[in-house]
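Here's the letter readout for the chains.
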Amino acid sequence: MSPLITPGSEFDLLWAFIIGIGFGFILEAAGFSTSRKIVGLFYGYDFTVIKVFFTAAVTASTGILLFNHLGYVDYGSIYVPTTFLWPTVVGGIFMGLGFLIGGFCPGTSVCAAAIGKLDALAFVGGIFGGIFFYTMSFETLWMEFRTTSNLGVLQLSDVFGLPLGVMILIFSVFSIITFVVVSKIKQNIKNVEY
Amino acid sequence: MSDTQNKYMNPYLAGVLLGLIIMASFIITGQGTGASGAFKDIIAAGVVKFAPAFAESSAFFGKYAGAEHSPLKAWLVFEIIGVIAGAIISGALAGRLNLKVEHSPKITSKTRIVMAIIGGIFFGIGSQLGRGCTSGAGLSGMAVMSVSGFLVVGVIFGVGYSLAWAFKKYWV
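Residues numbered from 1 in each chain as written. Chains lettered and ligands numbered in written order. Predicted model: local features only at pLDDT ≥ 70, side-chain atom pairs only at ≥ 80, totals over all residues. Heavy atoms only, no water.

Caption draft 1: Main features of the packing of aromatic side chains. Per the counting criterion, the structure on display carries 24 aromatic pairs over all chains. Residues F99(A) and F123(B) carry aromatic rings whose centres are separated by 6.2 Å and whose planes lie at 80° to one another, so their mutual orientation is edge-to-face. You can see F99(A) sitting in helix α5 (residues 85-102) and its partner F123(B) sitting in helix α7 (residues 109-129), one on each of two chains. Taking the centre distance of 6.1 Å and the plane angle of 80° together, the rings of Y134(A) and F60(B) count as edge-to-face. Of this pair, Y134(A) sits in helix α7 (residues 118-136) while F60(B) sits in the loop between α4 (52-57) and α5 (62-65), on two different chains. A residue is classified by how much of its surface remains accessible, and F60(B), at 6% relative accessible area, is buried. A connected cluster of aromatic rings, assembled from ring pairs, spans F94(A), Y134(A), F138(A), W142(A), F54(B), F60(B), F61(B), Y64(B) and F122(B). One residue, K63(B), lies across the ring of F60(B), its end atom 5.5 Å from the ring centre. Between the NZ or CZ atom of R131(B) and the centre of the ring of F84(A), over which it lies, the distance is 3.5 Å. (Phe/Tyr/Trp six-rings, centres within 6.5 Å; stacked < 30°, edge-to-face > 60°. Helix = DSSP H or I, 4+ residues; strand = E, 2+ residues; numbered from the N terminus. Buried < 20%, exposed > 50% of the residue type's maximum accessible area, 1.4 Å probe, protein only. Lys NZ or Arg CZ within 6 Å of the ring centre and 35° of its normal.)

Here it is as structure tokens:
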């Protein structure tokens, strides 16, 4: 059944545009167009990122599971990324540093630049620079490492040997506990003006 | 201050809506949303156009050089154009469209710009190695419960929290 659209068709690109509008609208409306609100999660004065991010992951994973049960979606026909352990860890370290130093991730920087944040525009420039450096040093630095420790297409449920629904339930409970904990933390942190 | 904060959408409502958009993306197109892939496609298109001989001989750009479709017609590039439009609509409705460099009062605009460029460079490199950024590899990966998605989000936030002390003076 799913995907409803054949990849590569003109409708595919129209849907990309429409989905992008929704994505950009929500990111901006949630406050992800300001770096000081985003990095609040690391200093305890604003946990919007955690709240939005985990709620979105719980909603999307539950919804997709539901559609899978109803027979509209098959995990085999949608994109479930292959897990490359070490490249993902090292990539994540680079991204974590970029997040902390720059205050944005690529999606949020595009939103922030779109509403006129010049620091976000600088971050966008940096991303282009970083990817360009990566492509130019691809053969010497990354090509071999990139495909190491391939664990295949792996879902969290495979690792823990639990049904997918139970795994999503555990993740949902974990998210709710996190929301409670971060709200308590925020109460004890001095407000930061931004 | 509370005035400016109240103008933002409730985070849980924003999360549910964002989740529904990602879910719709998977059901309609078979893939989630992303951002860093669009940057890579734009760079690939540029290199293929302006240095075609180099592109063909390159291990990275080789696959783009012979491709029938221009990378600029790629899904993620259209999605990012949508993201820009969506952000402008939201920003306009909330009265947040204005040019400025946002930074902590303890640092200068120049320092903030330099930090943003450095951060972007790190994120650019990391997104290629991690096969996507916070949205494409992280959020969309978590939506389909992939180990990769949870792993990358865990590492990004883990690094952020462990090194936050070192960069505190730039933010708070």
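Caption draft 2: Structural detail: the pattern of salt bridges. Residues and elements named next belong to chain A. Overall, the coordinates contain 4 salt bridges over all chains when judged by the stated rule. For the salt bridge of D46 with K37, the shortest nitrogen-to-oxygen distance reads 3.1 Å. The exposure classification of D46 matches that of K37, with both residues buried. (Salt bridge = Lys/Arg side-chain N within 4 Å of Asp/Glu carboxyl O.)

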